[in-house]
Amino acid sequence: MKDHLYILGMKSGNVYTGPQTVHIDITNACNTNCVTCWDHSPSLKTPRSQGWKKQQMSWEMFDALTQDIARMNSVKAVILSGMGEPFLNPYIYQMIAQCKEYGWHTTVLTNGLKCDPGRVLASDVDMLLISVNGVTPKSYTAFHPNLTPKDFERLCEILGEFASAGKRFKQVQVIINENYQELVEMVKFAHNYQASQITFKLASLGEGTEIWTISNEQREELFALLIPLAKNMAKKLEVKTNLDVFEQQVAIGSLATAPIESIGCYMGWVYSRITVDGTILYCCSKEVVVGSLTEAPFSQHWYGKKWQELRERLRSGNYFNSCYQCGKLNQNFKWKQRVEAESV
């Protein structure tokens, strides 16, 4: 029933129920320095301060937030992540347990290296979305300059433990000029470790990280050769991918990674992200701020004037710069299909 209310709201511009998914950042600290990261990349023109990198969401803030969104009686899923590595928050397993007690589908976005496989399996977390970004020691360490081939070996051991336990988690491969040729091998890697799905995405780049973008020649190679080969391999190995959506990203050209004007934004009716300090984001973009938990509980913001103004702005096609590198492209594409299907 609530899905119908979401679609009705997307069509009318009104909001009839609370969010379906809430994304909670629980730490800014990270054990890696992914070259594409807007917070930890060594290529950033203006690095984050050490004070910022040490920030963690407190248990007290998390507890109050989850109690509030539980009372909204709409949330089905919670994503635990950070502008760093969530398994560096000392309360991570307690946070997972709380989300599971509320009956929410619980996903953790992670690079995998700091998790305890045994505790993860015991937690009964629904999904890990594991950021891999290279399937050889060379490409893996090129993407994560502070790591070594032994870290890649450790990641493979952890993935092997999950596979042996029959736990099928998702893998993410962010594509840059150092790993783009591995597309087919990435599909094989996902198959070898029994991933439930592999998500490919072009990196959203800026503030110095643009040096990692694929060249026009590499883009053409992806479009004409590597994506078709990867699709064939995925079909052969029965690996679920988002290669059709990734193909649209590659076709755009330049630093843009999302055909937002042809797809549209639907996140204002189903999703929100909260940062470690309680800042409430409209979507996953740090550019689109709604307010703060220090001002009022999340539920009040959701039905408030500022959020509605943002819904109306984006619904009219007045996009932010970050929308052209939309981090929720796959989700927007799916909601667009659902809205159009219900219009038939």
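Residues numbered from 1 in each chain as written. Predicted model: local features only at pLDDT ≥ 70, side-chain atom pairs only at ≥ 80, totals over all residues. Heavy atoms only, no water.

(A) Layout of the pairing of strand 6 (residues 197-202). Burial of strand 6 is extensive: 5 of the 6 residues sit out of reach of the surface. One ladder, built from 6 bridges, connects strand 5 (residues 170-175) with strand 6; its direction is parallel. Its bridge partner lying in strand 6, V174 is registered against K201. A crossover links strand 5 with its parallel partner strand 6, the connecting element being helix 8 (residues 183-192), and its sense is right-handed. (Buried < 20%, exposed > 50% of the residue type's maximum accessible area, 1.4 Å probe, protein only. Helix = DSSP H or I, 4+ residues; strand = E, 2+ residues; numbered from the N terminus. Pairing = 2+ DSSP bridges. Right-handed = clockwise from strand over helix to strand, strands pointing away.)

(B) Focus on the sheet that holds strand 8 (residues 279-281). Spatial ordering of the open sheet is given by 6-5-4-3-2-1-7-8-9, a layout of 9 strands whose pairing is mixed. Each having just a single partner strand, strand 6 and strand 9 (289-292) make up the two edges of the open sheet. Averaged over all pairs of adjacent strands, the angle between their axes in this sheet comes to 20 degrees, without regard to strand direction. Relative to the sheet, helix 8 contacts strand 5 and strand 6, its axis offset from that of strand 6 by approximately 150 degrees. Lying on the sheet, helix 10 (residues 243-252) is in contact with strand 5 and strand 6; it crosses strand 6 at an angle near 5 degrees. (Axes fitted to C-alpha atoms, helices over the stretch in contact; angles between N-to-C directions. Contact = heavy atoms within 4.5 Å.)

(C) Representation of the pattern of salt bridges within the structure. With the rule as written, the count across this model stands at 13 salt bridges. Among the ionic pairs, D39 bridges to R48, the shortest N-O distance being 3.0 Å. In this structure, the salt-bridge partner of K286 is D39, at a minimum N-O distance of 2.9 Å. One end of the pair, K286, is in the loop between strand 8 and strand 9; the other, D39, is in the loop between strand 1 (21-25) and helix 2 (50-53), and 247 residues separate them in sequence. According to the relative accessible area criterion, K286 is partly exposed, its value standing at 34%. Exposure remark for D39: the relative accessible area of 6% places this residue in the buried category. When salt bridges with common partners are traced through the structure, they connect D3, K76 and R338 into a single cluster. (Salt bridge = Lys/Arg side-chain N within 4 Å of Asp/Glu carboxyl O.)

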